[in-house]
Amino acid sequence: MTNFKEYFRLHLKANVRPMLYILAVVLVLTFLMGMSLQPIERYHSDTGFIVVDYNSTLYIPVIFLCVLVYVLPVMEFSFFKKRINLDCAYSLPISRRAMGIAHYLTGLIILFCAFSYSYLLNFAMLIGRGSGWFDFTPMIGHYFLCLLLGFAMYSVMVFVFNRANTRGDGIWFMVLYTFVFLLITSAYLQVTDNWYLSDAIYPGLLWGTIDTMTTAYQRVVEIERGSIAALWETPEFVSWFVFWVVAGIASAVGFFLTLGKRRMEKTEEISDSYFGFRTLIPTFAITGMLAFAVWDNIIFWVIIELFAILGYTIYRRGFHYKKSDIAVLCLLAIFLFL
């Protein structure tokens, strides 16, 4: 524990300068975006005049939260994707698990600090516009809910990034997991012909749930333009909210449990995790064919098959396909024909 505290303190100290750079960029952009996006001209039918109104712009800090959810896992864990770094790191008097936890917590601290400072600055700018324009009370709940979803998204991205053996593969995993649940949902609705549930698709994006929530809270903060109750009475939104929170907790637990169990020799080798290409490629291909079956266009489905081949080429770093890869591609071709 003593070694962990000392390593965590030193690692956090080493990241003070990058954190200050991130905070500076976030605060400057928050101010500039708030100044330009908060005022808006609205036509009032009662008076027939165009008047200047104000948006609550709660989405500004949320944008930075969503961007940093991708940036920080790469920033914190790319170090472990180089063998030359591991020889030095693993010689320290601290376990791999403790080292990974220190990096995880550092990224989470930077994430929460950047979001919180942006949120406070946006709040201060709204106060400057005048309290008569806004109801600030719902912002308290929105802030803490965003922290919860931010933790969930960050944990998911940390988990999937660390399933890769290289930084490049880890970035691919993060991109693919951003869309995989949205595509699965679209395929399910297409197969079951339940398109009346189409509102359930967008929250399947990694940032879809927090964006949907922020849009609703913005309207509530802007007095008499919406209702929070309507949001939380929507089964599709509540289901996805719970899903992402549970996925975040499970990802954090999975990350902690698997820390230090991968052999060091696998670093920089092909990423063969079941959470990686070997599962994602056929999942994207099959759900893509099902989700866009409404197009009824064989050319489009063939393009999906070609993308699957491209995916295996990236996976194997060339045309070095294994028998299992060829078998999956053949099954996808049969599935396409059917």
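About the criteria used
- Residues numbered from 1 in each chain as written.
- Predicted model: local features only at pLDDT ≥ 70, side-chain atom pairs only at ≥ 80, totals over all residues.
- Heavy atoms only, no water.
- Helix = DSSP H or I, 4+ residues; strand = E, 2+ residues; numbered from the N terminus.
- Buried < 20%, exposed > 50% of the residue type's maximum accessible area, 1.4 Å probe, protein only.
- Patch = residues over 30% accessible without salt bridge, like charges linked within 9 Å, V, L, I, M, F, W, Y side chains within 5 Å.
- Areas by Shrake-Rupley, 256 points an atom, 1.4 Å probe, with all protein chains shown as cover.
- Salt bridge = Lys/Arg side-chain N within 4 Å of Asp/Glu carboxyl O.
- Disulfide = S-S within 2.5 Å.
- Contact = heavy atoms within 4.5 Å.
- Axes fitted to C-alpha atoms, helices over the stretch in contact; angles between N-to-C directions.
- Parallel < 35°, antiparallel > 145°, perpendicular 65-115°, else oblique.
- Left-handed = near helix turned anticlockwise from the far one by under 90°.
- Nonpolar A, V, L, I, M, F, W, Y, C, P; charged D, E, K, R; others polar.

Enquirer: I'd like a rundown of the environment of aspartate 211, residues and numbers included.
Expert: Tracing the chain through its elements places aspartate 211 in helix 8 (residues 208–221). Look at aspartate 211 and you get partly exposed, because its relative accessible area is 28%. Residues aspartate 211 and isoleucine 63, spaced 148 residues apart in sequence, show a C-alpha to C-alpha distance of 8.8 Å.

Enquirer: With reference to specific residues and values, describe a nonpolar patch on the surface.
Expert: Side chains of Trp172, Ile298, Ile299, Val302, Ile303, Leu306, Phe307, Ile309, Leu310 and Ile314 sit close together on the surface and give an oily, nonpolar patch of about 890 Å² of accessible area. Broken down by element, the residue count for the nonpolar patch peaks at nine residues, all from helix 12 (residues 298–316). Residue classification places isoleucine 314 among the partly exposed residues on the basis of a relative accessible area of 30%.

Enquirer: Account for the state of the cysteines, naming residues and giving values.
Expert: Scanning the model with the defined rule gives zero disulfides in all. Its sulfur unpaired, cysteine 66 is 8.4 Å from the next cysteine sulfur, which belongs to cysteine 146.

Enquirer: An account of the environment of threonine 185 is requested, with residue identities and associated values reported.
Expert: The topology assignment puts threonine 185 in helix 7 (residues 167–192). With relative accessibility at 12%, the residue threonine 185 sits in the buried group. Threonine 185 has contacts with Ala200, Ile201 and Trp240, leaving out every residue within four places of it along the chain.

Enquirer: Help me get a handle on the packing of helix 1 (residues 2–14) against helix 5 (residues 96–129), residues and values and all.
Expert: Look at helix 1 against helix 5: their axes get within 9 Å of each other, and the N-to-C directions meet at 40°. The orientation of helix 1 relative to helix 5 falls into the category oblique. Note on packing geometry: the crossing formed by helix 1 with helix 5 is right-handed. Where helix 1 abuts helix 5, its residues Phe4, Tyr7, Phe8, His11 and Leu12 lie against Ala98, Met99, Ile101, Ala102, His103, Leu105, Thr106 and Ile109. Its residues assigned to classes, the contact of helix 1 with helix 5 shows ten nonpolar, three polar and no charged.

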